[in-house]
Amino acid sequence: MKILVIGATGLVGSAVCAGLATGGHNVISAVRPGKQPDGGLGTWVEVDIAKAVEPSDWLPHLEGIDAVVNCAGALQDGMRHNMTAVHAQGPRALFSACEQSGVRRIIHFSAIGVDRQQPSAFSRTKLSGDMALMETNLDWVILRPAVILGDSAFGSSALFRGLAALPVLPAMPSTGKLQVVQLEDVTETVLRFVDKADPSKLSLEIVGPQPLDFDEIVARYRRWLGWPPAKRYLLPRPLASLLYRLGDIAGLLGWRPPVRSTAAREIVRGAVGDPTDWTAATGIRPLSLDDALARRPVSVQERWFAKLYFLKPVIFLLLPLFWIATGIISLTSGFEEGVELMLAGGAGWLAAPSVVAGALADIVVGCAIALRRTARWGLYAAVLLSLFYAAAGTAILPELWNEPLGPLTKIWPILVLHLVALAILEER
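What counts as what
Residues numbered from 1 in each chain as written. Predicted model: local features only at pLDDT ≥ 70, side-chain atom pairs only at ≥ 80, totals over all residues. Heavy atoms only, no water. Axes fitted to C-alpha atoms, helices over the stretch in contact; angles between N-to-C directions. Helix = DSSP H or I, 4+ residues; strand = E, 2+ residues; numbered from the N terminus. Parallel < 35°, antiparallel > 145°, perpendicular 65-115°, else oblique. Left-handed = near helix turned anticlockwise from the far one by under 90°. Contact = heavy atoms within 4.5 Å. Nonpolar A, V, L, I, M, F, W, Y, C, P; charged D, E, K, R; others polar. Buried < 20%, exposed > 50% of the residue type's maximum accessible area, 1.4 Å probe, protein only. Polar contact = N/O pair within 3.5 Å; in protein donor to acceptor, adjacent residues only side chain to side chain. Expected span 1.5 Å × (residues − 1). Pairing = 2+ DSSP bridges. Core = buried A, V, L, I, M, F, W, Y, C linked by side-chain atoms within 4.5 Å.

**Focus on the packing of helix H16 (residues 375–396) against helix H17 (residues 411–423)**
Packing of H16 against H17 brings their axes to within 10 Å, and their N-to-C directions diverge by 165°. On the basis of their axis angle, the class for H16 and H17 is roughly antiparallel. In terms of crossing hand, the pair formed by H16 and H17 is left-handed. Facing H16, whose interface residues are Arg 376, Leu 379, Tyr 380, Ala 382, Val 383, Ser 386, Leu 387, Tyr 389 and Ala 390, H17 presents Ile 411, Trp 412, Leu 415, His 418, Leu 419, Ala 421 and Leu 422. Among the residues making up the contact of H16 with H17, the classes are represented as 13 nonpolar, two polar and one charged.

Now the structure itself:
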């Protein structure tokens, strides 16, 4: 079959593409412009579901397609995400285009509990997309998974690993039970539905076999990673609220932290459901978390990732602050000292303009690193600027290498930190 997969670069979408390709299907991956799917599986087309809000936007991509799997989703509105467009407007146009083009089979990913309660815009927009599909005469199946965990470290899978590396577990208040489900079970579900006309017009809750507290899930990951149990510390509500707000700010800058205000509202409800209908329709008996982890030998890569997980936001907080603060200081309290150093090095009338230019360059670099879209170029610019400062300092005032505080010597560890940031920049 020729199958179009929407959201092909996400955790679920990439696994679905791989599973379908392995099963002998011809997979067409729909990706955002400029985003090539990993692994080179099948072919891809560029289409942004958030902007493809008219049936005519989808019709060219549906020629010869036998089935569509929609895995697209967004946790919260931000610089690169519009939940209403991703969850409702784009899918509504897609479903209409499927009716017009004769594509009957649609597998659509929603989220657990959205039909029962909508505590956030995430749930409301997800439900709106579900309702749009239910109004059609297509052969649809709506899958409503709980929190999905798998080999790939992204989203919740990454968060649990990162929390497992902490010697003290900062527990959020008011968290509901979670019936985590394994990515391989989710992928197998798609494989069993995609090439059948029946059953159709079916909504299924895709959940694991046991409800667990958030802390219990972290403890299982920590045990799997080979570390002793961690102490639990319940965060005060004001501190927890601050962390969620900081996550919102990071989201506005284009980053994708799992800890945001949407998560705060959704996690109170938890992610629990009844897998009976799912098992009856597919024959799949979901793996427990313990069984899933027992099948995966822990590796040094897993331990490295877990320990680096919370260092990454610290790095990407400190580096922009470092560059922006350096620029501000150079323009204010440190301006005269900077000019004196340049004069001592023989800069003459260029002393003041050089200090101003360097300060502005520092601020621009810091702002670029802070924005996810420009972070890579900001880091490259920071590396080049650091090397320039080392070379210029050596040429103008070589005695700075002998200074007790090492103003030039300290460039090298800073340079290495930027290379580390480049190495861990990608989120998936």
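**Notes on the side chain of Ser 288**
Along the polypeptide, Ser 288 turns up in the loop between helix H10 (276–282) and helix H11 (289–294). Of the residues examined, Ser 288 reaches a relative accessible area of 12% and is grouped as buried. Within the local environment of Ser 288, its side chain forms a polar contact with the side chain of Asp 291, the two groups lying 3.1 Å apart. Setting aside anything within four residues of it in sequence, one finds Ser 288 in contact with Pro 209 and Gln 210.

**As for helix H4 (residues 121–134)**
The terminal C-alpha atoms of H4 lie 20 Å apart, and with 14 residues this matches the ideal 20 Å at 1.5 Å per residue to within 8%. Buried within H4 we find Phe 122, Ser 123, Thr 125, Lys 126, Leu 127, Gly 129, Asp 130, Ala 132 and Leu 133. Its buried side turned inward, H4 meets helix H3 (83–101), strand S5 (105–109), strand S6 (139–145) and helix H9 (261–269).

**Details of the sheet that holds strand S1 (residues 2–6)**
With parallel pairing, the seven strands of this open sheet are ordered in space as S3-S2-S1-S4-S5-S6-S10. Strand pairing shows two members of the sheet lacking a second neighbour, strand S3 (43–46) and strand S10 (202–206), which therefore form its edges. If you compare each strand with its neighbour and ignore which way they point, the axes differ by 20° on average. Bridge analysis of strand S4 (residues 67–70) against S5 gives four bridges, and the strand direction is parallel. Bridging across to S5, Val 68 finds its partner in Ile 106. In this fold helix H1 (residues 11–22) packs onto S1, strand S2 (26–31), S4 and S5, with an angle of close to 170° to the strand it touches most, S1.

**Some thoughts on the nonpolar core**
One finds Leu 149, Phe 160, Leu 178, Phe 214, Ile 217, Tyr 221 and Leu 289 to be the most contacted residues of the largest nonpolar core, which totals 32 residues. If we ignore the near neighbours within four places in the chain, the residues touching Ile 217 are Leu 149, Phe 160, Leu 178, Val 180, Leu 212 and Leu 289. Val 16, Phe 154, Val 194 and Leu 204 belong to the second-largest nonpolar core, a separate cluster that totals 30 residues.

Everything listed here is a matter of coordinates, which is why it stays silent on function.
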